[in-house]
Amino acid sequence: MAKILFLTDSAADIPKSLREELGIRVMPFPIAMGERELRDGEDFTPQEFYQALAEEPKIPTHAQLTTYQFQQCYEETWKAGYTDLIYTSINSEGSATYQNAVQARGEFFEDHPEARDAFSIRVIDSHTYTMCYGYPVAEGARMAAAGASVEEIAAYIQDWVDHVRVLFAKKSGRVSAAAAFVGEALGLKPIMTFENGASKVVTKVRGEKNVIPTILELAQKEREPGTPYLIIRAARPDQAELLTESCRQAFGQEPAMDCFIGGVIAINAGPNLVGLIYRKK
């Protein structure tokens, strides 16, 4: 019988209570904030990080996860008697973490040729961020508990990340497409997404009051009806609550999850983000 470890990184933003409930292992990205080095998702709550981010004179930085860290993880998992490990990674376009996980896999099997027929390591590039890939990892863990095979679970995760869409708006941050959007200074608000691993401005609206209606209008055109959707939020509860209620009315169902973005995402997208995640047709 398969014994599966579900592995991801902290940019997946899976709430701590959920990953503990489902036995998901999360590797925390290191964040340098002033003189301190913090572990994303371990040493602070999202709300604590938003406050610290607002008060910190310099923008914090984060590093990638290293090949050595993955080698250690694979070694521990193999020794613990697991037959399979599925690692779902942060977007490879924005971090070398995915490549490091792949490299570590090759080095692990070079060191342990006896493991090749008894231990499988699957590495999935999500090509995206936050709960766009955190959600299918959690669902994969639930599938495993219900008796699904490793192949079925890996196929589900891959299919989800291949079809997932996120639309989000924010006030500040360092996402590349937004940095290039000078119209924000004129009262125009960008609605953004990720395509092929890169950030993209989908459209722009004038005035904050038009942000949520525009996100909802775009989602209604391309969302696969009846499929789960998720709300992601940060330090703007008013906008998040408005988006949630608007989605309830438009979609006729509750969000599958409503989650706060973590440190890595907040550094790059800003602490005032609100967004909607769903599956495209």
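Description of the structure in this document. Because the structure is predicted, anything quoted here is derived from the model rather than measured.

Rules used throughout
- Residues numbered from 1 in each chain as written.
- Predicted model: local features only at pLDDT ≥ 70, side-chain atom pairs only at ≥ 80, totals over all residues.
- Heavy atoms only, no water.
- Helix = DSSP H or I, 4+ residues; strand = E, 2+ residues; numbered from the N terminus.
- Rg over C-alpha atoms; globule rule 2.2 N^0.38 Å.
- Contact = heavy atoms within 4.5 Å.
- Areas by Shrake-Rupley, 256 points an atom, 1.4 Å probe, with all protein chains shown as cover.
- Axes fitted to C-alpha atoms, helices over the stretch in contact; angles between N-to-C directions.
- Parallel < 35°, antiparallel > 145°, perpendicular 65-115°, else oblique.
- Left-handed = near helix turned anticlockwise from the far one by under 90°.
- Nonpolar A, V, L, I, M, F, W, Y, C, P; charged D, E, K, R; others polar.
- Salt bridge = Lys/Arg side-chain N within 4 Å of Asp/Glu carboxyl O.
- Expected span 1.5 Å × (residues − 1).
- Buried < 20%, exposed > 50% of the residue type's maximum accessible area, 1.4 Å probe, protein only.
- Arc of directions from axis to C-beta.

## Remarks on the overall build of the protein
Counting its secondary structure elements, the protein contains ten helices and 13 strands. A compact globule built from 281 residues would reach a C-alpha radius of gyration of about 19 Å, and the protein, at 19 Å, matches this within 12%. Over its C-alpha atoms, taken along the principal directions, the protein stretches across nearly 60 × 45 × 30 Å. Pairs at least 24 apart in sequence give 73% of the contacts found in the protein among residues at least 6 apart. When the accessible area of the protein is evaluated, it comes to approximately 12700 Å², of which 50% is carbon and sulfur surface.

## Comments concerning the side chain of Thr8
Along the chain, Thr8 falls in strand S1 (residues 4–9). Those residues in contact with Thr8, other than ones at most four positions away along the chain, are Ile14, Ile24, Arg25, Val26, Met27, Tyr87, Thr88, Tyr133 and Val137.

## Overview of the packing of helix H3 (residues 67–79) against helix H4 (residues 97–111)
In the contact formed by H3 and H4, the axes pass within 8 Å of each other and the chain directions differ by 50°. Taken as axis vectors, H3 and H4 run oblique relative to one another. The two elements H3 and H4 meet at a crossing, and its hand is right-handed. Packed against H3, whose contacting residues are Thr67, Phe70, Gln71, Tyr74, Glu75 and Trp78, the element H4 presents Thr97, Asn100, Ala101, Gln103, Ala104, Arg105, Glu107 and Phe108 at the interface. Taken together, the residues of the contact of H3 with H4 break down into six nonpolar, five polar and three charged.

## Some thoughts on the pattern of salt bridges
Inspection of every chain in the model, using the stated rule, returns 20 salt bridges. Measuring nitrogen to oxygen at the nearest pair gives 3.6 Å for the salt bridge that ties Glu151 to Arg122. Of the two residues, Glu151 is situated in helix H6 (residues 150–163) and Arg122 in strand S7 (residues 120–125); the sequence distance between them amounts to 29 residues. Arg165 serves as the salt-bridge partner of Glu195, at 3.0 Å between the closest nitrogen and oxygen. Of this pair, Glu195 sits in strand S9 (residues 188–195) while Arg165 sits in strand S8 (residues 164–169), placing them 30 residues apart in sequence.

## Observations concerning H3
For H3, spanning 13 residues, the distance from its first C-alpha to its last is 18 Å, which sits close to the expected 18 Å at 1.5 Å a residue. Thr67, Phe70, Cys73, Tyr74 and Thr77 are the residues of H3 that are buried. Around the axis of H3, the buried residues are gathered within 125° of arc, so they sit on the same side. The exposed residues of H3 that point more than 90 degrees off its buried face are Tyr68 and Lys79. Residues of H3 that are buried make contact with S1, strand S2 (25–27), strand S6 (84–89), H4 and S7. Positive backbone phi, at 90°, marks Gly81, one or two positions downstream of H3.

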